Amino acid sequence: MNDPVVTVSDGAVELGGRPVLRGIDLAVRRGEVVAVLGANGSGKSTLVRTVLGLVPTSRGEVRLFGTPLEDFHDWHRVGFVPQRVGAASGVPATVREVVASGRLSRRRPFVPSKRGDREAVEAAIDAVGLREKARDGVATLSGGQQQRVLIARALAGAPDLLVLDEPTAGVDVHSQQAFADALATLVARGATIVLVAHELGPLGPLVDRAVVMRDGRVAYDGPPIDAFTDADPPHGHDHHHVERDLHTGDPLPVASPLDRAREERP
Amino acid sequence: MSLLTYDFMIRALLGALFTGLAAPAVGTYLVQRRLALMGDGIGHIAVTGVALGLLTGTSPTVTAVIVAVIGAVVMEAIRTSGRTSGDVALALLFYGGIAGGVLITGLAGQSAATLNTYLFGSITTISTSDVWVTAVLALVVVVLAVGLSPQLFTVSQDQEFARVAGLNVRFYNLLVSVLAAVTVTVAMRTVGLLLVSALMVVPVATSQQVTRGFRATLFAAMALGTLASLGGVSVSAFVDAQPGATIVLLALALFVAAYPVGVWLRRRERLAAPFTEQGDPFPLADEHTEVPETHAHEHGEACGHPAVPHGDHVDYVHDGHRHAVHGGHYDEH
């Protein structure tokens, strides 16, 4: 069982005839914590969605735990935290109910949840620090707390591979730290983690490999440089350094150190 | 004197009981997907099914089930194909259904009055075999809607997560559509095709006023639907009113009664939410100039400063400035 957890060989993805990913070769080994970085539209989100089979490949092959994606059925080994603004829907749901759906990959239809399921759900709620909110409606929580609910849902399935799409986007520092702690627990258990991020923030110390996407290709793949984990330049920092677009005056997203080196944007 | 001394009344109450249980069970999933009007659409399409039954001399219930299921599957296909004109396509289907129904009924030489019994229900005229069909179909709907509630809840709530959890999302989506179609035809004789959607949606909206969880909403909606159906049939027997309309108005009355309770509960919940110091105990000068790397306090969920989403992060409005977390300190944005 020395197969990599995730393998993408010569992967390419087209959306609406437009190439979004090209020539992707990626292997994530067991126990690695990989951060996928890149600017908006660089394909980082598409890359992880492709790995999960949510986006079809136009060429190349994706394998999970050594099995080609189309033959892969052990979905209980995979946890997914999708990118989203909120966890609410048309009908109220409690935190516990949403987290409990993380056990479905391990349950059979019409069979009531077992004791192990309920214990895993409670443990996942504890892990993200939402114990006293467990009976509350998800819609009543703050954005950061809702994101933590989604993380707990993925943790409840006790996945061997956890894939997170911008888990800390729009999440305040308190929640980010609670989330980083929850991930550290999972890493200690030997799980493999692939996460998409804009800035690593409190996650920095956990990450042992960075994959930087640029225009649908892998532009950098290696150990995270200090600059990746700390978004601050060490010297000469002032509080009004937001880079702005020359024409619109909008702040430019600083997605990776590679972008910072660039003077112009296409 | 008792209502139950009349056989037709017993059949009507049984029909109402099954409809009241099944319609909100499926309706909960439709509301969760924000497809509250889908039941209405299926009801329109089922009119054509009824008319085909009248034309061919077969049971209108059977033809209505078949046409409604086909319609629901087509609607699901249109919805998932993700065309921007999806809602227009659905509208075409709805009005095609009702116009086709009226036309075919005329061809069959039936009067509008016959069609009316299906459009607005005629629960007091249902036969023993109708009661059986209603009972069996309602039982199937309730068993699937409740038994598969963890799966259906997850698929309706977050499709991508459900796919990665290994659930067959397409199957479960189709199942909800087919269950909705079956429910519409079950409710056809009770409240009628034009009002069936009300019995699917209104009890759910009512129970949402007071519940926090999904299962609680589901079961409360089924209880409210049953209460409205049985109550509506009973009331209409005494005041000689249309049972279908009475049932729907009773369901709406329950909503009107529950709404102020919901407003009060939500208000109380907001007030109970942790709300920390309003005033800023730290003078402005301390925060930026003296210790640039440590802000006087950490902005967060409970810091009391208004949070403003800004691109990929959150700014906190602080004395007229917007503070953004940046590494170990805050930037002005």
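No experiment lies behind these values; they were computed from the predicted model shown.

So, the overall build of chain A
Move 1: Looking only at helices and strands, chain A features seven helices and ten strands.
Move 2: Residues counted as buried form 46% of the 266 residues belonging to chain A.
Move 3: Pairs at least 24 apart in sequence give 70% of the contacts found in chain A among residues at least 6 apart.

Some details on the pairing of strand E8 (residues 192-196) of chain A
Residues and elements named next belong to chain A.
Move 1: Among the five residues of E8, five are classified as buried, and the element is accordingly described as predominantly covered.
Move 2: Burial along E8 is two-sided: the residues Thr192, Val194 and Val196 and Ile193 and Leu195 are all buried.
Move 3: Alignment of strand E3 (residues 33-38) against E8, held across four bridges, turns out to be parallel. Pairing of valine 34 across the sheet is with valine 194, part of E8.
Move 4: Where strand E7 (residues 161-165) and E8 come together, five bridges link them in parallel fashion. Counted as the bridge partner of aspartate 165 is valine 196 from E8.

Observations concerning the nonpolar core
Move 1: Counting residues in hydrophobic clusters, the biggest one holds 156 residues, and the most contacted among them are Val36(A), Ala152(A), Val26(B), Ala46(B), Ala68(B) and Leu199(B).
Move 2: Top element by residues in this core is helix H1 (residues 7-32) of chain B. It accounts for 13 residues.
Move 3: Here Ala68(B) is in contact with Ile42(B), Ile45(B), Ala46(B), Gly49(B), Ala181(B), Val184(B) and Thr185(B), once residues within four sequence places are set aside.

Details of the pairing of strand E1 (residues 6-15) of chain A
Residues and elements named next belong to chain A.
Move 1: Here E1 pairs with strand E4 (residues 59-64) via five bridges, running antiparallel. In the strand pairing of E4, valine 8 is matched with valine 62.
Move 2: The pairing of E1 with strand E2 (residues 18-28) spans seven bridges and is antiparallel. Each residue of the ladder has a partner; that of valine 13, found in E2, is leucine 21.
Move 3: Hairpin connection between E1 and E2: a loop of two residues separates the two successive antiparallel strands, and glycine 16 in this loop has a positive phi of roughly 60°.

Conventions used here
- Residues numbered from 1 in each chain as written.
- Chains lettered and ligands numbered in written order.
- Predicted model: local features only at pLDDT ≥ 70, side-chain atom pairs only at ≥ 80, totals over all residues.
- Helix = DSSP H or I, 4+ residues; strand = E, 2+ residues; numbered from the N terminus.
- Buried ≥ 20, exposed ≤ 12 C-beta atoms within 10 Å, placed from the backbone.
- Contact = placed C-beta atoms within 7 Å.
- Pairing = 2+ DSSP bridges.
- Core = buried A, V, L, I, M, F, W, Y, C linked by C-beta atoms within 7 Å.

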